[in-house]
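So the chains spell out like this:
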Number of protein chains: 2
Amino acid sequence: MSDKRETPLSTPSLQEHHCTVDLRLEKLGMVPFFQDLPEEQLREVNKKCTANHYSKGETIYRQGDSATMLRVVVAGNVKLAAHTLEGESVLLDMLQPGDFFGNPTARGRDVYSETAETQTSACILSIRLSDFREVMNRYPSVAMAVLDITTDRLNESRQRIQHLSTLPVTKRIAHILVTLGNKFGEKDSRGLLIQLPLSRKDLADMAGTSPATASRIMSQFQNDNLITSGRQWVAINNKAELLRISAK
Amino acid sequence: MSDKRETPLSTPSLQEHHCTVDLRLEKLGMVPFFQDLPEEQLREVNKKCTANHYSKGETIYRQGDSATMLRVVVAGNVKLAAHTLEGESVLLDMLQPGDFFGNPTARGRDVYSETAETQTSACILSIRLSDFREVMNRYPSVAMAVLDITTDRLNESRQRIQHLSTLPVTKRIAHILVTLGNKFGEKDSRGLLIQLPLSRKDLADMAGTSPATASRIMSQFQNDNLITSGRQWVAINNKAELLRISAK
DNA sequence: CGGTATTTTGATTTAGCTCAACAGACGTGG
DNA sequence: CCACGTCTGTTGAGCTAAATCAAAATACCG
């Protein structure tokens, strides 16, 4: 009784994305924390950036690598994951164009505490941490915007701790689906399609459960017509009910 | 075979702490993110602060309260906890003198996402968020210091997510004990005494487990001579072994 | 010294894990 | 365009870590 068909995700065509100076400038201006910067200064920041193109599944940096660059997603998606010695992995964040990653801190650990990998082909800007800190020192609005984003991430992260500590897996997954729907969802014939390759293992790594359990729960949601899902994709049919499940 | 005696924690005597202007100024200068500020500007910041004294167990603010003030611990300890609708609680952070709390962000949620409660009697400085943001705008070094601390907290928080997702309770508690020992430990005849009222329920709320399970694990650690513990206090006898347990 | 909150410990239950086999979807090369 | 191999997802059976429930013991406080 499955409604599955071929992958409905639209693959971004970044292959011939040349990342010219002008294009980079335009993208930089779209980044939330550079939005207040006058064009002239934006141009200056731009000079300090390097653009790189990655294909799907490439590793941008590894947990433990020396951390000297701050990065910004220009196009595509990136996931941040931490790996344990035993090979288990925990998915820490899924990033969109405009999001920065790589720690903006200079003190303490100067190695990355997580691994960054592209989930789709992607274009990434890099700027030396020292240069970025200089920009923040010169333009407080940039520093404040970065602080606000970091604070939001801290709050999200704490909410996740709360969920891991108090909610059963079903509610955690329901909540994750709603969150992903809000962030990556696009209206579609199938409902709210999550525009992101999303495997059962990814879901499990986000919810702190096993792929088998994630699969069972997704099957149940599908039976209840809350979602439609296939290999590496999920669409939400009844967000309100998922939200109710996650909260109740 | 217990080595228990009366509470060995030293109770800070803040009762007659008057928080005079001079004393406040001295304390402000000790706060990490004001350290780079010249005395003159410190004096100016000081004028915008209010000092308050709280006795043990008082609530400073509640989850959901409108968030207009940023706070700094001058003396004593404060714990941040989130509460679920069902009454379960999750302990998010334990604060020391010099730590700030209450979200330093203006956008989005302008209500506190956690409850702040004193664990000992405490002296707390408050400054209006808008005033603090103005200070950060004027003195980038303050903004940068706040950003660095927030980033550290985000990393700690993500590590905790990883532990909740991948480690069994015993390892999580061993890790928490080591961390608390490093942060709040004081050398003592009993070993490394954690200078903080710390119940089994607190430990459980930090480890995402039940008080009963926390108690069983602490009993086991005590049998193995790794810790000495009584009602609301814990001393670490063998930090190296606890660390080994948490990592292995 | 009595009262209360905390801690310990036992007995039972259960959510979710692990292991394992199978099935469906996708890509690739002929 | 089809056949094959591989990777992803599904589902069952059994097991286990930890939760829950409950009672007893201990520490602290007035």
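Criteria and thresholds
- Residues numbered from 1 in each chain as written.
- Chains lettered and ligands numbered in written order.
- Predicted model: local features only at pLDDT ≥ 70, side-chain atom pairs only at ≥ 80, totals over all residues.
- Heavy atoms only, no water.
- Least-squares fit on C-alpha atoms with pLDDT ≥ 70 in both.
- Contact = heavy atoms within 4.5 Å.
- Near = heavy atom within 4 Å.
- Polar contact = N/O pair within 3.5 Å; in protein donor to acceptor, adjacent residues only side chain to side chain.
- Helix = DSSP H or I, 4+ residues; strand = E, 2+ residues; numbered from the N terminus.
- Nonpolar A, V, L, I, M, F, W, Y, C, P; charged D, E, K, R; others polar.
- Axes fitted to C-alpha atoms, helices over the stretch in contact; angles between N-to-C directions.
- Parallel < 35°, antiparallel > 145°, perpendicular 65-115°, else oblique.
- Left-handed = near helix turned anticlockwise from the far one by under 90°.
- Domains from an automatic or database assignment.
- Buried area = accessible area lost by both parts, 1.4 Å probe.
- Salt bridge = Lys/Arg side-chain N within 4 Å of Asp/Glu carboxyl O.

Caption draft 1: Quick peek at the relation of the copies chain B and chain A. Expressed as a screw operation, the relation of chain B to chain A combines 0.0 Å of axial shift with a rotation of 180 degrees, fitting to an RMSD of 0.0 Å. Considering both components of the superposition, the chain copies are consistent with a two-fold axis. The residues that chain B uses at the interface reappear at the interface of chain A in 98% of cases, marking a shared surface.

Caption draft 2: How the structure looks around the protein's contact with DNA strand D. Around DNA strand D there are 20 residues in total, and Arg200, Ser215 and Arg231 of chain A together with Val169 and Thr213 of chain B lie nearest to it. The contact in question runs from a phosphate oxygen of DNA strand D to an N or O atom on the side chain of threonine 209 of chain B, over 2.9 Å. Looking at the surface near DNA strand D, the elements with two or more residues in it are helix H7 (211–223) of chain A together with helix H7 (211–223) of chain B. Broken down by element, the residue count for the surface near DNA strand D peaks at 4 residues, all from H7 of chain A. Grouping the amino acids of the surface near DNA strand D by side-chain chemistry returns 4 nonpolar, 8 polar and 8 charged.

Caption draft 3: How the structure looks around the protein's contact with DNA strand C. In the region of DNA strand C, 21 residues are neighbours, and Val169, Thr209 and Thr213 of chain A together with Arg200 and Ser215 of chain B sit closest. Taking threonine 213 of chain A, its side chain carries an N or O atom lying 2.3 Å from a phosphate oxygen of DNA strand C. Here serine 219 of chain B contributes a side-chain N or O atom positioned 3.0 Å from a phosphate oxygen of DNA strand C. Breaking the surface near DNA strand C down by element, the ones donating at least two residues are H7 of chain A together with H7 of chain B.

Caption draft 4: Examining the packing of helix H5 (residues 169–184) of chain A against helix H6 (residues 200–207) of chain A more closely. Residues and elements named next belong to chain A. As a packed pair, H5 and H6 sit with axes 10 Å apart at the nearest point and diverge in direction by 110 degrees. When the axis of H5 is compared with that of H6, the two are roughly perpendicular. H6 is crossed by H5, and the crossing has right-handed handedness. Contacts between H5 and H6 pair Arg172, Ile173, Ile176, Leu177 and Leu180 from the former with Leu203, Met206 and Ala207 from the latter. Partitioning the contact of H5 with H6 into residue classes produces 7 nonpolar, no polar and 1 charged.

Caption draft 5: The domain arrangement of chain A, seen in detail. Residues and elements named next belong to chain A. You can read the domains of chain A as domain 1 (21–164) and domain 2 (167–247). Computed over C-alpha atoms only, the centres of domain 1 and domain 2 are separated by 26 Å. Across the boundary between the two partners, domain 1 contributes 18 residues, which contact 16 residues of domain 2. Taking both partners together, domain 1 and domain 2 bury about 1,300 Å²; carbon and sulfur atoms supply 51% of that area. Sorting the residues of domain 1 by area buried against domain 2 places Leu91, Met94 and His163 first, and these three jointly supply 40% of that buried surface. The interface formed by domain 1 and domain 2 includes 2 salt bridges. Here domain 1 and domain 2 share 9 residue pairs in polar contact (both at pLDDT 80 or more) between them. Going through the elements one at a time, strand E5 (89–95) and helix H4 (140–166) are the ones with two or more residues in the side of domain 1 that touches domain 2.

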